[in-house]
Amino acid sequence: MPVPLLWLGAGIAALYAGDKLQQSNKIKRQYVKHYPGEDDSLVSVQDGSIVCCGIFGVFEHTGIWVDGNIIELKGNGLIRGISPERFLTKRSGTRIHVLCDASGAPLISPHAAATAVANLYNYSDYDLIKNNCHRFVFKCVSNSEQSITSFSDLNLALFRYFASPLSWCLADIH
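The present account deals with the structure reproduced in this document. (Residues numbered from 1 in each chain as written. Predicted model: local features only at pLDDT ≥ 70, side-chain atom pairs only at ≥ 80, totals over all residues. Heavy atoms only, no water.)

## So, the side chain of serine 167
Right, so step 1: Relative to the elements of secondary structure, serine 167 occurs in strand β8 (residues 166–172).
Right, so step 2: Take serine 167: its relative accessible area is 1%, and that puts it in the buried class.
Right, so step 3: Setting aside chain neighbours within four positions, we find serine 167 in contact with His34, Asp39, Val98, Leu99, Cys100, Asp101 and Ala102. (Helix = DSSP H or I, 4+ residues; strand = E, 2+ residues; numbered from the N terminus. Buried < 20%, exposed > 50% of the residue type's maximum accessible area, 1.4 Å probe, protein only. Contact = heavy atoms within 4.5 Å.)

## With respect to the packing of helix α4 (residues 133–142) against helix α5 (residues 151–162)
Right, so step 1: Orientation of α4 relative to α5, taken along the N-to-C sense of each, is 10°, at an axis distance of 10 Å. Here α4 is positioned roughly parallel relative to α5, judged by the angle of their axes. Every residue of α5 that contacts α4 at His134, Val137, Phe138, Val141 and Ser142 is listed here: Phe151, Leu154, Ala157, Leu158, Tyr161 and Phe162.
Right, so step 2: Classifying every residue of the contact of α4 with α5 gives 9 nonpolar, 2 polar and no charged. (Axes fitted to C-alpha atoms, helices over the stretch in contact; angles between N-to-C directions. Parallel < 35°, antiparallel > 145°, perpendicular 65-115°, else oblique. Nonpolar A, V, L, I, M, F, W, Y, C, P; charged D, E, K, R; others polar.)

## Comments concerning the nonpolar core
Right, so step 1: In this structure, Ile50, Ile64, Leu99, Phe136, Val141 and Leu158 are the most contacted members of the largest nonpolar core, which totals 28 residues.
Right, so step 2: The set of elements that each furnish at least two residues to this core consists of β3 (50–55), β4 (59–66), β5 (69–73), α3 (112–118), α4, α5 and β8.
Right, so step 3: In terms of nonpolar packing, the next biggest core, distinct from the first, is built from 14 residues, Val51, Cys53, Leu88 and Ala171 among them. (Core = buried A, V, L, I, M, F, W, Y, C linked by side-chain atoms within 4.5 Å.)

## Points about the side chain of histidine 61
Right, so step 1: Relative to the elements of secondary structure, histidine 61 occurs in strand β4.
Right, so step 2: In this structure histidine 61 comes out as buried when scored by relative accessible area, which is 6%.
Right, so step 3: Among the polar contacts made by the side chain of histidine 61, one reaches the side chain of glutamate 72 at a distance of 2.6 Å. (Polar contact = N/O pair within 3.5 Å; in protein donor to acceptor, adjacent residues only side chain to side chain.)

Rendered as structure tokens:
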């Protein structure tokens, strides 16, 4: 008799977890219309654009587009400008995505490019959770410090900053 009760308990727990995940995804879909890889619309990248690529199919890496390069916070803490090809090197992503509004127009902060350039070649105390590429990108966009630990946190912060649903479109970089 204990085995059927265990299975029943496990089934109830799985249903509960699945329901919580579905509720979370519905909330996220209110502010992100298309995640990277869901929309193949080509969008011209402009200075100050927020760009991202995938890392091993699990994480996203973000940066700011400036003069045909991407300014990023590297894992060793160096803020550097690199080519789009280098941005994708040693990462699973083969495409760069650009942050747009729901209609596909790039969302650009007026000071993102200048803030990113002003930080070039500086070092930041990199931490995967507390001080990562997403936090650097949001600091460039908003000129403010905010705790951003994940790509999901970044999306929510950008949604609030731009007051617009987000869509990650394929960057036309050629």
